[in-house]
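So the chains spell out like this:
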Amino acid sequence: MPAYAIIGGQWGDEGKGKVIDYLARRADCVVRYAGGNNAGHTVVNERGKFQLHLVPSGICWPGVSGVIGNGVVVDPGVLLGELDGLNARGIDTSLLYVSERAHVIMPYHILQDNLEEKARGSGAIGTTGRGVGPAYMDKAGRVGIQVGDLLDLEGVMPRLERTLAFKNSLFTKIYGGKALAMDDVLAKCREWAERLGPYIHPTEQIVEDLLAKGGRVILEGAQGTLLDLDHGSYPYVTSSSPSIGGACTGLGLNPQAIVEVVGVYKAYSTRVGGGPMPSEIHGPQADELRIKAQEFGTTTGRPRRIGWFDGVAGRYSRQINGFTGMVLTRLDILDGLPSVKICVGYQAGGREVERFPASASLLARCKPVYEEMPGWDRPTASATKLSQLPAEAAAYVRRIEELVGCQVRIISTGPSRDESILLEPIIP
Ligand code: IMP
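Along each chain, numbering runs from 1 in the same order as the chain's sequence is written. Totals for whole chains, interfaces and linings use all residues, but because this is a predicted model, local features are given only for residues with pLDDT of at least 70 and pairs of side-chain atoms are given and counted only at 80 or more. Remark: hydrogens and water are excluded; side-chain values derive from all non-hydrogen atoms of the structure.

Draft legend 1. Molecular detail of the packing of helix α10 (residues 311-321) against helix α12 (residues 391-404). Lines are fitted to the C-alpha atoms to define the axes, a helix being fitted only along its stretch in contact, and any angle between axes, read from their N-to-C directions, falls within 0 to 180 degrees. Helix and strand definitions follow DSSP, with helices as H or I runs of at least four residues and strands as E runs of at least two, each counted in order from the N terminus. α12 packs onto α10 with a crossing angle of 55 degrees between their chain directions and a minimal axis gap of 8 Å. The orientation of α10 relative to α12 falls into the category oblique. Residue-level contacts link Gly311, Gly314, Arg315 and Arg318 of α10 to Glu402, Leu403 and Val404 of α12. All amino acids are sorted into three groups, where Ala, Val, Leu, Ile, Met, Phe, Trp, Tyr, Cys and Pro are nonpolar, Asp, Glu, Lys and Arg are charged, and the leftover types, Gly among them, are polar. Grouping the amino acids of the contact of α10 with α12 by side-chain chemistry returns 2 nonpolar, 2 polar and 3 charged. Angles are sorted into four bins: roughly parallel if under 35 degrees, roughly antiparallel if over 145, roughly perpendicular if 65 to 115, and oblique for all others. Should any heavy atoms of two residues lie within 4.5 Å, those residues are considered in contact.

Draft legend 2. Looking closely at unusual backbone geometry. A cis amide bond, omega 5 degrees, links Tyr234 with the succeeding residue Pro235. Looking at the element boundaries, Pro235 is found in the loop between β10 (217-220) and α8 (244-249). The phi dihedral of Gln223 is positive, around 55 degrees, even though this residue is not glycine. As for its placement among the helices and strands, Gln223 is situated in the loop between β10 and α8. Relative accessibility decides the category of a residue: with a 1.4 Å probe and only protein chains considered, values under 20% of the type maximum give buried, values over 50% give exposed, and everything between is partly exposed. According to the relative accessible area criterion, Gln223 is buried, its value standing at 9%. Even without being glycine, Ser382 reaches a positive phi, approximately 70 degrees. Relative to the elements of secondary structure, Ser382 occurs in the loop between β18 (367-374) and α12.

Draft legend 3. Geometry of the state of the cysteines. The term disulfide is used for any two cysteine sulfur atoms that are within 2.5 Å. Taken as a whole and judged by the stated rule, the model has 0 disulfides. Free of any disulfide, Cys29 has its nearest cysteine sulfur in Cys60, 15 Å distant. Using a relative accessible area of 1% as the deciding quantity, one classes Cys29 as buried.

Draft legend 4. The nonpolar core, seen in detail. Throughout this description, the term nonpolar core refers to a set of buried Ala, Val, Leu, Ile, Met, Phe, Trp, Tyr and Cys residues connected via side-chain atoms within 4.5 Å. In this structure, Leu219, Ile258, Leu331, Leu334 and Tyr396 are the most contacted members of the largest nonpolar core, which totals 55 residues. With 6 residues, α12 is the single largest residue contributor to this core. Note: domain ranges come from an automatic or database domain assignment. When residues of this core are assigned to domains, at least three map to each of domain 1 (3-99 + 200-261) and domain 3 (265-422). Setting aside chain neighbours within four positions, we find Ile258 in contact with Ala3, Ala5, Leu219, Ile244, Cys248 and Leu253. In terms of nonpolar packing, the next biggest core, distinct from the first, is built from 41 residues, Val43, Ile145, Leu170 and Trp192 among them.

Draft legend 5. Layout of the sheet that holds strand β20 (residues 420-422). What makes two strands pair is DSSP finding at least two bridges between them. The 10 strands are arranged β9-β7-β5-β2-β10-β1-β11-β15-β19-β20 in an open sheet whose pairing can be described as mixed. Looking along the sheet, the strands with just one partner apiece sit at the ends: β9 (200-201) and β20. For strand β15 (residues 325-329) and strand β19 (residues 408-412), the ladder comprises 3 bridges, and the chain directions are parallel. From the neighbouring strand, Met326 faces β19, where its bridge partner is Val408. Across the sheet, helix α1 (residues 16-24) is in contact with β1 (3-8), β2 (29-32), β10, β11 (258-266), β15, β19 and β20; its angle to β1 comes to roughly 160 degrees.

Draft legend 6. Looking closely at the environment of Ala179. Looking at where Ala179 falls in the secondary structure, it is placed in the loop between α5 (153-174) and α6 (182-196). Along the primary structure Ala179 and Ser169 are separated by 10 residues, whereas in three dimensions their C-alpha atoms are 7.7 Å apart.

Structure, rendered in structure tokens:
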């Protein structure tokens, strides 16, 4: 009963969408376990480019089912829009299952997210503004609305009424904003229930049954380990657990089913939103890389911050997840640079900082210790064999392997499925 977890090793946007789509040809099901439509996964195939926010990235392969697990927060309007868009392009979505236990992002969560961000002023987290944080706050506060509740609105009415009254006080009395009308919220819920109803299931059972039959299940990470609520650069994090622990709680999955935990890392670093990033590059070199790599958020379009590969952070995420291997993406973006830097340590106040710190203020004070390696002229773009890589690029990959402490299994050299160098298969 094999499950394969594919998890972001950095601050998200590592190229997991492509990797999962590439692996999904050998899978029966792809499952999302955390986050919401703050995620943006890009898949490029013979039908074009697909930008997915909630639907699992295996959807383009016929016969591969998709599950949105209980750990995900679902904006039903966004999900239905995404399904319509996929159907219009001839993609079959009938094998998509949404957990009855997943929580709904309600209209008041989106409003709250944006009002709270504004109130944070210069301390803003830079959230995606999709209501993700407030939906998880309500889940933990035991006032959330589960997807299954949409089918029994009468049953949750007292909770919904209390919650909306509380939110409206918050919006009007604290933030000086406008109240939401219960009738509007209910109308939306009814509309969602009608269209989403056929997709709602006890997904832990669907996954369990599939695994019991020997089916191969990919656990699709969203965001990255350094944005993990528990293990990331708190408070500049998302509100869920993108790392491996989140996969078990976010699906109701027996951990013994997981046979591989693979970390996806980009050959350099990016970060969207606020928070410290020790190996950040500023100025024209960052701008050039951003443009070349089109590093703009899939969800918000915001320019991503660019940095050198951070070996300290990379090693830490390997440890948190117990990665059994890694996928290195976007090596081609570094083609043509005279030299490449790797962050191999941190220093603060003249002293070495041995671990990725828990404190965001210490992380902000960390100065990177760099190793500089020769760059390469010959392109790695579209390479499909290790022997096609220039020796300098191969040495760079080996150094990343050493620093992170696990083996590179696939190198991605371009956005399409087949622009990949397979070193050791992940799904047999
Ligand atoms: P939230 O998840 O919208 O609450 O945003 C919290 C932080 O996580 C912000 O810095 C976001 O930019 C970041 N974030 C959330 N989702 C993603 C993602 O899919 N990729 C990269 N950063 C993300």
